[in-house]
Amino acid sequence: MNASLNLRQLARYPLIPVIVLMAIGFELATGSFVGSQNLLGIATDSATLAIVAVPSALLVISGYLDLSVGSTYALGAVAAGWLASEHGGSLLTCVLLSLLAGLAVGAVNGFLCCVVGLSPFIVTLGTLTAVRGLAQQFAPLPLTSFGDSFAWLGGAKIAGLPSPVVIAIVVVLVAGAILALTPVGRHIYAIGVSREAAYLSGVRVRTVPFTLFLATGASAALAGAIKASVLGAVQSGTAGSGFELAVLTAVLVGGVALTGGSGTLFGVVLGVAFLGILQNGLTLVGVPTFWQQVAQGLALVVAAGLAFLAPRLEALAAVRPTAPRRAAADPEPATT
Amino acid sequence: MNASLNLRQLARYPLIPVIVLMAIGFELATGSFVGSQNLLGIATDSATLAIVAVPSALLVISGYLDLSVGSTYALGAVAAGWLASEHGGSLLTCVLLSLLAGLAVGAVNGFLCCVVGLSPFIVTLGTLTAVRGLAQQFAPLPLTSFGDSFAWLGGAKIAGLPSPVVIAIVVVLVAGAILALTPVGRHIYAIGVSREAAYLSGVRVRTVPFTLFLATGASAALAGAIKASVLGAVQSGTAGSGFELAVLTAVLVGGVALTGGSGTLFGVVLGVAFLGILQNGLTLVGVPTFWQQVAQGLALVVAAGLAFLAPRLEALAAVRPTAPRRAAADPEPATT
Amino acid sequence: SAPSSTKASGDKVAKSSKDVDTIAWDYPFTFLPVYAGVAKFAKERAKEKGVSLEQTNDNGKPDVQASNLDTLIAKKVPAIVSFPMVFEALETQAAKALSAGIIWVTYGGTLKNQSASITFSFEEGGRKLGEDAAAWANQTLGGKGKVAFLVDDTIQLGIERTKGMIDAFTKAAPDMQVVGREQAIDPDTALTKTKAILAKHPDVNVILGITDGAAFGGYKALVESGRSETDAKTYVGGQDGDLGSLELIKKGTFYRASAALQLRDIGNAVIDVPLAVADGKSDAEASTDVPITLVKQGDALLDEIIAQYG
Amino acid sequence: MALRVTGLRKSFGGVHALQGVDLTIEAGEVHALLGHNGAGKSTLIKALGGAFHPDGGTIEVGGRSYAGLTPRQSIDAGIAIIFQHLSLVDSLSVVDNIFLGQEHRRLGIVDRRAQRAAAQQLLDRLGATSSIDSRVGDLPMGQKQLVEIAKALSRDPVVLVLDEPTAALSSHEIGALERTVRSLQEQGLAICYVTHLLGEVERLADRMTVLRDGQVHVATSLAGKTRRDIIEAIAEPPADLPPAGPIHDADPPQLLVRGLTGPGIGPVDLEVRPGEIVGLYGLIGSGRTRTLEMIFGRRARQGSITVGGREVRRATPRAALAAGLALVPGDRGRQGLFASLTALDNALLPAQAVLSRFGLRRRRAEAEAFERLAASLAVHPATPNAPARAFSGGNQQKLLLGRWINGILPTTVLLLDEPTQGVDVRARHEIYKVVRTIASERRTAVLFASTDPEEIVALADRALVMQDGRVLGELAGEALDEDALLHAIHQSDTDIETEVQSDLQELS
Ligand SMILES: Nc1ncnc2c1ncn2[C@@H]1O[C@H](COP(=O)(O)OP(=O)(O)OP(=O)(O)O)[C@@H](O)[C@H]1O
Ligand SMILES: Nc1ncnc2c1ncn2[C@@H]1O[C@H](COP(=O)(O)OP(=O)(O)OP(=O)(O)O)[C@@H](O)[C@H]1O
Ligand SMILES: O[C@@H]1[C@H](O)[C@H](O)CO[C@H]1O
Ligand SMILES: [Mg+2]
Ligand SMILES: [Mg+2]
């Protein structure tokens, strides 16, 4: 049973073998990929991505989408950095202000998309643009000199792990528990598959995604604050620029469908790891800039291919199960 | 009948009154909005957007999506610019090479998304990244001195109109004719609404969107070549950067649903005009940079609101029709 | 002293600086911190001179830049100061502006068609940094050690700075081993990339950044990896003259130099040069070249620029 | 009184779906809500379930009066609904669907063990065979329908509303459902039952309310009412069916299937002669849908398919269509309808290319074709430009039939999967007539699957009985009657079905 289970898990998460192969390849090529310093470095860099990718993934599973996270990140960084540098804000007040800023953006997005019912893509593209403008207007020049209290957020070690990694782990565990164990977890999927069916079943089809918008906004701002703390500086014009695409890529590469209703957090964590390792490895190997871009583009295509293969492989692996744990997805699209 | 028809058209395209209001506002504020030079300027600048937004809109209607156009634009510009500057290529050969480059990208996207069946979002995000890398690898330094033959593409006047505008008009008319007058036009919608039902009805559910990927790729490359000709220079790193978002914004603001199956080309043309006029007006009025960003973001939100209201207004306007020309869309989602 | 409305500004050719009530400053890289710095001084100067300063929102996109310039020309602003993303690409706009009687000042370089220019050589800024770092490496490391470059290959000014920096360094310190050449203009990206470089080469001695933002990220990565902030065998340097970097230089850390733009001089020039043109000055008379200076610890200029940020 | 609806009104744009409807259902009563397609039954039920807010009128339930309900209010008031267009979530499992929105929980966490036990019990009670862990999206229609019913029952309702619950069920599950409904009735539930199958009305209902065009036409006790009375209340009685055309045994088969094999299917051999109508009968899951889909090329297959003497080698719908095959699929929502496209597009999508000239559509020809088709199938409303989603279930089905039965396409073999699901008694008759006519006049070979033995008897010249993916046997001529069909598939379960009377026998 265990062997067949493992095979199915592998089939379900083809990123696992890919990540292992990448790690082996990068280690062979450079001799310095596997090493606690490098791996911890990847984990720390990826932590902020994970912190935002997780609630974003829930949002996408529920059939919505938040593109504004790149700018909310900047706003959160600016809010925390401004309080820390201009007013000597303590860790707690800085984080609170940052979270408030993120919640505000999330509330606007959530209100427009869930309550009014506007298109999440256009609305959050709009707030992506507008919030960046606000952040730059508020803090046109770089903010620095944050003081020691705020430095703790990104720089502390907790049980030997960097604080961003610990925060990311907490976020993953909490979200994972909600998704797997609570009724709301089921509701998130149900809303994503059929908002109408969920509504008729008495599910709170506005409140649930609204809350996920709040969580995504708050997480993006927190990620910005963490990065500000790590760097000890914030540039409102560049902080988090393009972060929205990185987040969405991690979510989708991790096997969450943009159409909503499917995906797992474990997959998203793998997606984050995949991107972090790829970026790190390409730099380690010293691939020239433009070829790095080509390689990253191809990696996305490969990831799309894997996401496509996963249910098919899983169906194959399920051919001789003891008792099917989950029905395999339709292995056959309309045209094959 | 005419009055009610007009009312319905207005209700169906709420961007029309918005554009009129914007035009009046900008004219009152600056006194130089309405003027043939400024209006022609807007048209010329918007032409490239229209050229790409039109096939992209068909692609979105059919349920797919191409994010790679920003880089295909750069590749098309580089291909044409390189031939013109390094080999004194004629207008014709430059355009052909550019189109070929665009078709190649379109074929890759189309193959992966339509034939293999991978996720268009991830695949074209991948080609967006990879193709930019290739364009930069091929032409790391700016290309200039294209010669007179190539300058015609972007600089000629045809019947008093700048050539990019004429090309855009041709693209809109051809695509509009396909959509409205041919069976394939219906197939594009049908595939977007239900690929399975279309497949069972004998529609070519691979070939049609594949062809639209080709058209989108070719149009993006052509737009790049036109802009290269207009500017007289190409820089591979920045040409068309962010263009994919502008295109998608025009398409969505123009009332095409990201979920496929609905939208009109007239709406898309209005979406292009809306964005062009907004950009122009904000500069004309002299709104400070960061507030321009804020205003652009808010404008998107407003446009999302309009797209949301349109079917509702249309249903209202349709309450006393003589004979409904087209049924009102369902005025009410599950939860309102 | 408030300028008359933009509406009244059109339709006439400036015969003297009194006719110039508005200057449009078109700077495409508004996401860079330098922009805000220069803008601060340009606004102050504009106020002094009683002109209004308008800015564009090009967002790093060359075609948007061209569109916005077309708009400004159609609007007939009396003067345009433009920083072309791709220089040749704006010759048409410059020519159009001139023939419409608009003063055209090229920023950051020169065009064939222009009234005047405000120049500062990007290549030179990079070169000065590269030379200084190479001299330091030769002196401190005996010319043997490891160097990583944080570069920009995407925009023209970045390409020039990169070339100046790398060419100068590798020429003057040919035995230094180049262990990294990564695209990074902001601290976030630079931190990640430098960390990866350090995983393979924990002993990198020199990190040179295309911007101070990038160098700042590189600096952080070194510190995070355990390098003492005053390590004698480490050199980090950047370009632009961002406040955070200048403060590190002042503190005596291994962030040792920045090829600093003099924001106040440039900001003033954005207003002064077009006004000089309006007063009849020729291209040669009106144009200004703002030197890029490498600032290091102890330089008087260092304190001056820090003070400018106020 | 468990449920009282008074003066309920609802319009969609200009369509007045409900115009002041009254409906009262007592506890312990099974109340049939009847009416022609588009009469307003589903609209009434959706208002009860909170799918939208009515324009006027009141709904009294659980001692309170509402101007409109939200789904939560509806559920909390004890109304449980089995919607016509299922409210299931495809990617969730059977258990998760049954308890969606009403999860059993302990300390805020889903109590899976309790849910699984309860779900299994419900499915057993309904005679459903699907696993509680199956993804609902992977289930065939009939099993989905049972999950929907289990979901409603799981809520211990006071009022149970069933909107065409048996449309996709076979006699086996219908029997189980009817037993369940009876026992709920005995427990004092008020039950509102919508169906087009009048046998069910006769067997189950105490009273009926018949809607016509959004108004109550008749509301009466069923005591002493004949089948004919019910039919006349719903619609003008249909005309007689045309006689079956002659089938010449000597004609070579128009459709010849040999050794058709696929996952869980086959080998199947069958043939249909020109002008012949062959019915596929079996329990749900017996393989009829898959057989039709394999013939049409929707699924991978082995074996040979020959149409008019020429083998169709490629297993794709395009190849099938080119060979003269057409399929009206069984899953209307997913495989058939283009919900947001117009009625005309839905009915004529494949025909548009045939009608076009020089690659351009001919709108006038299309409009005329639509008009003809709407008339022959009694599509209501006959507006070509209304989106398909604005049509009632039965009328949507007619649009789909029209897609292939329009006289424009060169169809020589017509494959129909549950062709009259959700179609009212009169329109069903119209559809039989149309199918008979094209079989006899155009010599089209028809192969159809149905779960309704009445339908098989009414329409088929010959019936093939399927079980476990194979053809068990064949019934034709005198031997083809409902008893024989039922007997052929399950000897043990014939107790209720022997009561079944044929609507159409009565009619003719
Ligand atoms: N969303 C909608 N928009 C416009 N018209 C609608 C909509 N929903 C229903 N209608 C119209 O309301 C009327 C009643 O439809 P309803 O679905 O209640 O009929 P029904 O009695 O359930 O029919 P059937 O037996 O075919 O299921 C029909 O004329 C239908 O076309
Ligand atoms: N009771 C069931 N539980 C789970 N899966 C089932 C059940 N019955 C059928 N299936 C599967 O569902 C899929 C689709 O079934 P489909 O609708 O084709 O039914 P079918 O076997 O053709 O029966 P029918 O004769 O009712 O059309 C098939 O793969 C079949 O194996
Ligand atoms: O990348 C995006 C866009 O450039 C936008 O203009 C602002 O936010 C950034 O994150
Ligand atoms: Mg109904
Ligand atoms: Mg079936």
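Refer to the preceding data block for the structure.
Residues numbered from 1 in each chain as written. Chains lettered and ligands numbered in written order. Predicted model: local features only at pLDDT ≥ 70, side-chain atom pairs only at ≥ 80, totals over all residues. Heavy atoms only, no water.

Draft legend 1. The arrangement of the site of ligand 1 in detail. Residue and element names in this part refer to chain D. Among the 19 residues in the neighbourhood of ligand 1, the closest are listed as Gly38, Lys41, Ser42, Thr43 and Ala390. Here Gly38 contributes a backbone N or O atom positioned 2.7 Å from an oxygen atom of ligand 1. Against a free-state accessible area of 640 Å², the protein chains account for coverage of 91% of ligand 1. Going through the elements one at a time, strand E2 (15-25), helix H1 (41-49) and helix H14 (393-404) are the ones with two or more residues in the shell around ligand 1. The element contributing the most residues to the shell around ligand 1 is H1, with 3 residues. Classifying every residue of the shell around ligand 1 gives 6 nonpolar, 11 polar and 2 charged. When residues of the shell around ligand 1 are sorted by domain, at least three fall in each of domain 1 (3-234) and domain 2 (255-480). (Near = heavy atom within 4 Å. Polar contact = N/O pair within 3.5 Å; in protein donor to acceptor, adjacent residues only side chain to side chain. Areas by Shrake-Rupley, 256 points an atom, 1.4 Å probe, with all protein chains shown as cover. Helix = DSSP H or I, 4+ residues; strand = E, 2+ residues; numbered from the N terminus. Nonpolar A, V, L, I, M, F, W, Y, C, P; charged D, E, K, R; others polar. Domains from an automatic or database assignment.)

Draft legend 2. Focus on the interface of chain B and chain A. Across the boundary between the two partners, chain B contributes 43 residues, which contact 43 residues of chain A. Around 4,000 Å² of area is buried between chain B and chain A when both sides are counted, 75% of it from carbon and sulfur atoms. Viewed at the interface, chain A and chain B are joined by 0 salt bridges. Taken together, the links from chain B to chain A amount to 4 residue pairs in polar contact (both at pLDDT 80 or more). Listing elements by their share of the side of chain B that touches chain A, those giving two or more residues are helix H5 (91-116), helix H6 (120-138), helix H10 (195-200), helix H12 (243-253) and helix H14 (289-317) of chain B. When the residues that make up the side of chain B that touches chain A are grouped by side-chain class, the tally is 26 nonpolar, 13 polar and 4 charged. (Contact = heavy atoms within 4.5 Å. Buried area = accessible area lost by both parts, 1.4 Å probe. Salt bridge = Lys/Arg side-chain N within 4 Å of Asp/Glu carboxyl O.)

Draft legend 3. Geometry of the sheet that holds strand E4 (residues 103-107) of chain C. Residue and element names in this part refer to chain C. On the basis of which strands lie adjacent, the open sheet formed by 6 strands has the order E2-E1-E3-E4-E5-E11 and parallel pairing. Looking at which strands have only one partner, the edges of the open sheet turn out to be strand E2 (52-55) and strand E11 (288-289). Across 4 bridges, strand E3 (residues 79-82) lies against E4 in parallel orientation. Opposite Ile80, over in E4, you have Trp104 as the bridge partner. Most of the contacts of helix H3 (residues 62-75) go to E3, to which it runs at about 165 degrees, and overall it touches strand E1 (22-26), E2, E3 and E4. Sitting on the sheet, helix H10 (residues 263-278) touches E1, E2, E3, E4, strand E5 (116-119) and E11, and the angle it makes with E4 is about 150 degrees. (Pairing = 2+ DSSP bridges. Axes fitted to C-alpha atoms, helices over the stretch in contact; angles between N-to-C directions.)

Draft legend 4. Up close: the interface of chain C and chain B. Facing the 32 residues of chain C at the interface are 34 residues of chain B. Summed over both sides, the interface of chain C with chain B buries roughly 2,800 Å², with 53% coming from carbon and sulfur. Looking only at chain C, the three residues that lose the most surface to chain B are Asn57, Asp63 and Thr71 of chain C, adding up to 19% of its buried area. Counting across the interface, chain C meets chain B through 0 salt bridges. Linking chain C with chain B are 11 residue pairs in polar contact (both at pLDDT 80 or more). In the side of chain C that touches chain B, the residues fall into 12 nonpolar, 11 polar and 9 charged.

Take it as geometry only, folks, not as evidence of what the structure does.
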